[in-house]
Amino acid sequence: MSIRFLFMVGVWLSCIGYSRADTPNHYAHHRAASLEPVKGTVVGPDGTPISGATVKSLSTKKTTTTNEKGEFTLPAADGEKLMITVVGYSDQEVTVSGTSLRVTMAIGNSQLGEVVVVGYGSRTKADVTGALTQLKADNIRQGVTISADNMLQGKVSGVRIMQSSGEPGAGVDVFIRGVGSIRSGSTPLFVVDGVPLSNDNVSASSPDLGLGSTDAKNPLNFLNTSDIETITVLKDASAAAIYGARGSNGVVLITTKHGKKGDPSLSYDTYVGTSRVIKKMDILSASEYRKAIQSPAFDHGGNTDWQDAIFRNGFIQNHNLSFSKNTATGSFTASLSRLDQNGIIKKSDFNRTTARLNAEESFFDNKRLVVKMNLTASNIDETGIPNGNTAGSDGQFMMYALMANPTRTIFDSAHNYTNFKMIQLFNPLYVLSVYDDRTNTFRVLGNVEASLRLLPGLNYRFNLGLDKTTSERNTTMYPNVTDRTPQGAYVQNDLKSLTTLLEHYLTYNLSIQQHQVDLLGGFSYQKFNFAGTAFGMQNIAAQNTGVPPMYNPGYSGTPTSPSGYAQENELQSYFGRVNYSYDNRFLFTASLRADGSTRFGANNKYGYFPSFAAGWNLTHESFIKNIPAIRNLKLRASWGQTGNQEVPNKITQASYTLSAASGYYLDGTNLVNGVTVNRTANPDLKWELVEQYNIGVDFELFRNKLYGSLEYYDKTTKDPILNIPSEPLSPTSTVWKNVAGQIVNKGFEFTLGSQLINTKDLSWTVDVNGSTLKNTLKGLPISQLFSGSISGPGLSGVNANIYTNGYAAGSFFILKHLGYDKQGKDIFEDKNKDGIINADDREIFSGAIPKFNFGFNSQLRYKTLDLGVSLIGQTGGYLFNNTALELGINNLAADRNVLKKFVDANANPGNQVTVSSLYREKSDFLRLANLRLGNTFSFRQLPWMQSFTLYVSAQNLFTITNYSGYDPLVNTTKNVSGNQSLGIDYATYPAAKTFLLGATIKF
Amino acid sequence: MNKKSFKIACVLLIMTIAGCTKLKEKVIDEVLGSSSASPQNALASAYGQMDNGTFVNHAQVFALQEYSTNEAILPTRGSDWGDGGIYRAIHEFTWGADNSMITNTWNSLNLGITESLTAISSITSSNDPNKAQLLAEAKALLDLYTFHALDLFGQAPYRDPSAVNGQVQVRKAATGIDSLIKDVESLIPALASIGQNNTGKGRFTKQAAYALLADMYLNRAVFKDRYAATFNFNEAAVDNNGTDMDKVISYTSQLIGSGQFKLESNFFHNFDIDNANGTELIFVITQYVNTVTNSSNNFAYMPMERNQKPSPVDRGTNASCITPEFYATWDNNHDDPRFQRHYQYADGTWFMNDGTDVSVPATSLVAGSTLPWFHFNRGMQVGQQYGPSLSGTDYQRTPDGRIKVNKLYCEKAPTQLMDFTPALNFDDPNQGVFTQLEINQGVRPFKYEFDPAGLNSRSNCDIPMYRLGGMYCMRAEAYLRKGMATEALADINLLRTSRTREALYANAPGKALTSIDMPTLYNETGFEMYWEMYRRKASIRFGTFEAAGTTKPVSQPFRRIYPIPQSTMDASKLFQQNDGYTK
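Let me sum up the structure you'll find in this document. (Residues numbered from 1 in each chain as written. Chains lettered and ligands numbered in written order. Predicted model: local features only at pLDDT ≥ 70, side-chain atom pairs only at ≥ 80, totals over all residues. Heavy atoms only, no water.)

Points about helix 7 (residues 173–187) of chain B
Residue and element names in this part refer to chain B.
- Counted at 1.5 Å a residue, the expected span for helix 7 with its 15 residues is 21 Å, and the 20 Å between its end C-alpha atoms agrees.
- All of the buried residues in helix 7 are Ala173, Gly176, Ile177, Asp178, Leu180, Ile181, Val184, Glu185 and Leu187.
- Those residues of helix 7 that are buried lie in contact with helix 6 (131–153), strand 4 (169–172), helix 8 (206–224) and helix 9 (244–256). (Helix = DSSP H or I, 4+ residues; strand = E, 2+ residues; numbered from the N terminus. Expected span 1.5 Å × (residues − 1). Buried < 20%, exposed > 50% of the residue type's maximum accessible area, 1.4 Å probe, protein only. Contact = heavy atoms within 4.5 Å.)

Rendered as structure tokens:
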């Protein structure tokens, strides 16, 4: 019976396939005789042939589709109008003239037929009920983007991307719909080709050799952005709840490119470019400094712009070669890339080599079994500079350069680096010369997916993934004349990370008349192993004598005590989803995920995360259908719960370790190790719960003259996990706990686009997106939590951020600066009117989260020329400019440089360093994020070359802002006891502006 | 059942089987549970907490006991030591419940209590042959930490160590002091004497117990009635055998009369980095410079200027100093051996620090290294300072290889001479804020020797918790409070005359006083006990705590204790906030 059944199914399917493939041609052939057939080619804006485009004569209604070379043949008379439509491009009307046509299609911004990637599957845009945005990576031409998260900048409403530093490959803070957690951990879940990535760092951490430790690099650096096909941001709970306990910060789904239909393709992309600092800080020049100082002793006779001294024009080159092929049963794509980027500060380099292979093949009758493999390997070599954010009483590299007296010289008369002979302020170039920091990170991400059709409509899918990283960092500070590790030290930090994934799921599709049901049910198991070691040497041999310790640590010096850690955690999940649509008008989605995590306490191992959504496609209602202006109109509403499990491992379990550090010399000479209690156990610990409502509307009006989406959401974090003071006589002074209290994020998001012009020769598309955000903390049982540790002398333990009820996360708690008196002395508001200005006079200021973020994108094409413009901006936010604080007027009296604006304001050098609203600045800005001009050449005489595109582009060309720091779009991670800081700008590696010349050649 | 259902069943089965992990978290880089800890380990951490910042870091107990008094101040010096005003608040009497030094001190003392309780449980359930003594030590440490918590905060948490999951209780100073006294007295028989059972001065011995009891009795009246205008020091003792002051005399006399301890003729030897052999030390926190324990160099590092460099890789930090009021108490007493002491190098060179120095030999080397060691003088550093300057990674040398001595300038105000003026001239007399060009001000007490082997942070110096000099101070005070001025004067004069000056001044002993009264005695305890966390309690007992002083207005009695930290008030409903502080 079953053989017969399968046979029947096979026959049935092949019939469908046959008829689908041939019908149009039959149709065409029968009626073609009377007219001269028109031949034509349909290509994309870059000249690539488009297959599968529908070509329809508007007068005769004759229809055909293009073949793999983009060619079509249709009987049509001169002057007849043809309509060409294809998914992903704007419809195009052309008039027949002659017998040969070349039709260039413009990319369409919104197409109902567009396939959108969702968790564990895909849907057409028309069927989507949740709030999500999908970007096609090819449409994002951003210039140098090392990592995928940067590509979202300004493209998706409700998503805010902030650099933690401008260093090549530096970490990025991604906030989707506000700040949902007080702890560090607002990073969304990234899923690459179906493999959810761990949010742990994958590059070895930096040791602190007296200059602070630097931030971790972006874990997404391993993925070559040219390999990315789509990036989908799941914003609301309905879309994200299928990822359960990891969905609350939003989910970003990334798919990599697979072979496209058509001939085998070979393409080569390259660009070369140069970058330099986005702007310089306005500090005093040598002559200005001479005028400003009261004591001639601070004039050292030189004339140095220390910013120029450390900055350079960074050279960038990128090469990317890919080839792919698509056959009737499968496809493959392979790519190789190499990126070399010199940072804009001397000695900071980033070099990446990636290789990727995606293959897919079908087996058995009618592609019953489809096996896919995705494999990415990347090797990153980086060199870093000693610029951490953990500075205490002194700066780090950037601050050394900014603070250095401009009347000093770089070199002394003996051609050695000038020794400033100061404590905590050194010649930055000297520091750079004795510091050597190299990191190698090798990461492989691979997965195998198999899909087996059990029955028509019923598929079993299997996904096995592996994500392995090893990273080694060799940091050396050679013996030097500073008081930072003066006798030299070497540290090697190693990191190993391994994530394995196993998933099984079943999907079932059923269509009966107007009812369409999609079911998904599955199981997922993911295990994360994370381990590292560190060892080092101190009192090492001087630089350029003997062997550098990274090659042979044993060559000189004495070993320091090694250390290490190894942790593992597991996540076991069950999930299910139902999509139901009636008559394409009413859409319903419900999903449930049960997530079990080892991170949670014995009493709360599993969390359950439901979601519901409904959509109403008004377009298909009779009262809308006949309104020609409305091509699409859909209302959506959703509710759901997601979780956040990004807490440290082991925090539910108490641990007692024996450690020498807490020991004592009981007999006066021999150290007896002491019992250290590392944590107070909390077996009740569970995930943070985020509940979210979303209502939205999607529309396409006036033949693409206006399309877009509007969304309103209310996202509330409940049971936030905090590291708070523990009850008296607990083994440790703090404990990780879910506390009562809520973090509410509410906002309105819009995306509006318009295809202003769309003709054969000229097309112009613009879109704007924007989002508002209101964040409030409510019901916290603790009166206040501090974060945003301020760096600089005399500022230890001083925090700028406060988390307290009734205010937004990222509020500042600082003195109010009212101006200067006649002597230039600071005047602060005496809030409690006790005649004394002290910590009791601090006030809460609205802070770090901008009220409005927006992006503007324009694509203009004239014949073969294309011009792209992207603007981004924000308003209504503030930064605490810690850099300005460290460059305060006080420096004039301390042989250090100062921000010009304080001198211009006649501030008194006797003013003490005080954290106040003087350093709170508006972070409003408008930035030309990207400008690109390209031309696509086609060489008819070179048939082997499909297209050749040449472009120039500029990134961050200008920024309009009143912010006095390097970059208003910055967030220095300076958490305090795990509570994240927001809106602190501590002299990080500044952002760059970049100019590129690039070419794309397709064969 | 058809094959279709069978297939689906198979797949479902696979999926079910796959879901088999129990999700029990495996901890592979730590040993969980306390079973591996021996009683010694538990006791070591209870002791270790004394060193873990609590009594050795300037920003914990030291800050609350010293910076709040008319002896010590940590002003803001230009760009340094603003730190959100936490240090100044303590001296200006504007501290609140969110002052991080108050919070850290409270947390440290609480952790000491917790670790002592853990040690008590661990020792109680063990079969250690020396169980009785170890248990007594753990209990004594509990009492020690609790005593300091009651002294500073008026309240302390407690849990009966014998009760499983016992409720946390609050002990209040007024009643708690008596329980502590009774408990420590009951522990004496089980405690070792110094030297017995491998115990040294770093352990809580019978002698430490006597000293602690003397301290507790001396302050009992204050604990009993914290906000009183005057204290009743002659209340009957806990055991009704004499008065509090009798007990102070009795316990201090046990130590003074035991013959085990002897006043150092070189007063500063008590605070040398090789003071482990000190004859005067009764109970210390044992420190080693080459260790992973805290072993802090803080008390020496804090008063030293940044351009004062005990070795080419070490420096001071230009922070705390004494107040003009305290300096004035030394008027006509600058020849007191405790005021200053010059250092003499091996070749006979004295470091004069008065502008006459040319060089000192470079033969003294930092322990375990080839770095030259410049020895600064000890005691009060007043006026223009001199010392070595760096040239590359070494000191500047004279042609004959000796360390060149220069007139020093402040590091962060390179044009400002390093002149440690007794006066503190603040622009705003209510705020201890110096501009960058005023950072030189203030007399610096170099009571503790700077350990150049510790890279500014660690030291070999054992930190005295109790020493014989302090016992004389306490006994003299008890005598005087009983009206026995002769005996009080004798004790104070013994302290004065037992110390001798350096050979430069012909080893002259200090001069005796001819009479004594309360204000004199208060100053005398200052000469002996400055920079040793003694001042606040003394100041409260002597009634000087509320008086106005440098940057300090007349204060209210509620400031005699600190507030319970806001973080603790948030975490628990256990404590009631102390009077006068925002509830």
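Still more ground to cover, so stick around.
Considering the packing of helix 5 (residues 100–124) of chain B against helix 6 of chain B
Residue and element names in this part refer to chain B.
- Axis separation between helix 5 and helix 6 bottoms out at 9 Å; the angle between their running directions is 160°. As the angle between them shows, helix 5 and helix 6 are arranged roughly antiparallel. Here helix 5 and helix 6 pass one another in a crossing that is left-handed.
- Tallied by class, the residues present in the contact of helix 5 with helix 6 amount to 17 nonpolar, 6 polar and 2 charged. (Axes fitted to C-alpha atoms, helices over the stretch in contact; angles between N-to-C directions. Parallel < 35°, antiparallel > 145°, perpendicular 65-115°, else oblique. Left-handed = near helix turned anticlockwise from the far one by under 90°. Nonpolar A, V, L, I, M, F, W, Y, C, P; charged D, E, K, R; others polar.)

Side note on the sheet that holds strand 48 (residues 920–922) of chain A
- An order of 48-47-52 (chain A) is seen for the 3 strands of this open sheet, with the pairing classed as mixed. In this open sheet, the two strands that pair with only one neighbour each are strand 48 and strand 52 (984–985) of chain A. (Pairing = 2+ DSSP bridges.)

Focus: unusual backbone geometry
- Unusually for a residue other than glycine, Gln424(A) sits at a positive phi of about 65°.
- Structurally, the position occupied by Gln424(A) is in the loop between helix 5 (397–403) and helix 6 (428–433).
- Assessed through its relative accessible area of 4%, Gln424(A) is described here as buried.
- Even without a glycine there, the phi angle at Trp81(B) is positive, about 65°.
- Positionally, Trp81(B) belongs in the loop between strand 2 (76–77) and helix 4 (86–92).
- Trp81(B) gets classed as buried once you look at its relative accessible area, which sits at 13%.

Considering the sheet that holds strand 16 (residues 251–256) of chain A
Residues and elements named next belong to chain A.
- Spatial ordering of the open sheet is given by 10-15-16-13-14, a layout of 5 strands whose pairing is mixed. With partners counted over all chains shown, the strands left at the sheet margins are strand 10 (132–136) and strand 14 (195–196), one partner each.
- Across 6 bridges, strand 15 (residues 228–234) lies against strand 16 in antiparallel orientation. Bridge pairing in strand 16 links Thr230 to Thr255.

A few points about helix 2 (residues 39–54) of chain B
- With 16 residues, helix 2 of chain B extends 22 Å from end C-alpha to end C-alpha; this agrees with the ideal 22 Å at 1.5 Å per step.
- When you tally the buried positions in helix 2 of chain B, you get 14 out of 16 residues, the bulk of the element.

Considering the pairing of strand 36 (residues 742–758) of chain A
Residue and element names in this part refer to chain A.
- Pairing of strand 33 (residues 706–718) with strand 36, which is carried by 12 bridges, proceeds in the antiparallel orientation. Residue pairing across strands places Tyr713 opposite Gly747, the latter belonging to strand 36.
- Looking at chain direction, strand 36 and strand 38 (residues 774–778) are connected through 5 bridges and run antiparallel. Across the sheet, the residue bridging to Lys746 is Lys774, located in strand 38.
- The sheet contact formed by strand 36 and strand 37 (residues 762–772) spans 9 bridges and is antiparallel. Across the sheet, Glu749 pairs through a bridge with Ser771, a residue of strand 37.
- Hairpin connection between strand 36 and strand 37: a loop of 3 residues separates the two successive antiparallel strands.

As for the environment of Phe315(A)
Residues and elements named next belong to chain A.
- Positionally, Phe315 belongs in strand 18 (residues 314–326).
- Exposure remark for Phe315: the relative accessible area of 40% places this residue in the partly exposed category.
- Here the alpha-carbon distance between Phe315 and Asp349, two residues 34 residues apart in the chain, equals 9.7 Å.
- Contact partners of Phe315, with chain neighbours within four places excluded, come to Val272, Gly273, Asp340, Gln341 and Asn342.

Quick look at the nonpolar core
- In terms of nonpolar packing, the biggest core is built from 159 residues, with Met50(B) and Tyr466(B) touching the most fellow members.
- Here this core takes 14 residues from helix 6 of chain B, the largest share from any one element.
- Beyond its immediate sequence surroundings of up to four residues, Tyr466(B) is in contact with Phe147(B), Ala211(B), Leu212(B), Asp215(B), Leu281(B), Ile282(B), Phe283(B), Met471(B) and Met474(B).
- Ile724(A), Ile782(A), Ile872(A) and Leu982(A) belong to the second-largest nonpolar core, a separate cluster that totals 94 residues. (Core = buried A, V, L, I, M, F, W, Y, C linked by side-chain atoms within 4.5 Å.)

A few points about the interface of chain B and chain A
- Taken together, the contacts link 93 residues of chain B with 97 residues of chain A.
- Summed over both sides, the interface of chain B with chain A buries roughly 7,700 Å², with 57% coming from carbon and sulfur.
- Where chain B packs against chain A, one counts 5 salt bridges.
- Measuring nitrogen to oxygen at the nearest pair gives 3.1 Å for the salt bridge that ties Arg842(A) to Asp98(B).
- Where chain B touches chain A, the interface holds 29 residue pairs in polar contact (both at pLDDT 80 or more).
- If you list the elements that add at least two residues to the side of chain B that touches chain A, you get helix 1 (3–18), helix 2, helix 5, strand 3 (155–158), strand 5 (281–285) and helix 16 (566–571) of chain B. (Buried area = accessible area lost by both parts, 1.4 Å probe. Salt bridge = Lys/Arg side-chain N within 4 Å of Asp/Glu carboxyl O. Polar contact = N/O pair within 3.5 Å; in protein donor to acceptor, adjacent residues only side chain to side chain.)

Re the pattern of salt bridges
All names here are of chain B.
- Considering all chains together, one arrives at 69 salt bridges over all chains under this definition.
- With a shortest N-O distance of 2.8 Å, Arg402 and Asp347 are connected by a salt bridge. Of this pair, Arg402 sits in the loop between strand 15 (394–395) and strand 16 (403–404) while Asp347 is found in the loop between strand 8 (343–344) and strand 9 (350–351), placing the two residues 55 residues apart along the sequence.
- Given the relative accessible area of 42%, Asp347 is considered partly exposed.
- The partner of Glu532 in a salt bridge is Lys447, and the shortest N-O contact between them spans 2.7 Å. Linking Glu532 in the loop between helix 14 (518–529) and helix 15 (535–541) with Lys447 in the loop between strand 20 (444–446) and strand 21 (463–467), this pair joins segments that are 85 residues apart in sequence.
- According to the relative accessible area criterion, Glu532 is buried, its value standing at 9%.
- Relative accessible area serves as the criterion here: at 0%, Lys447 is assigned to the buried category.

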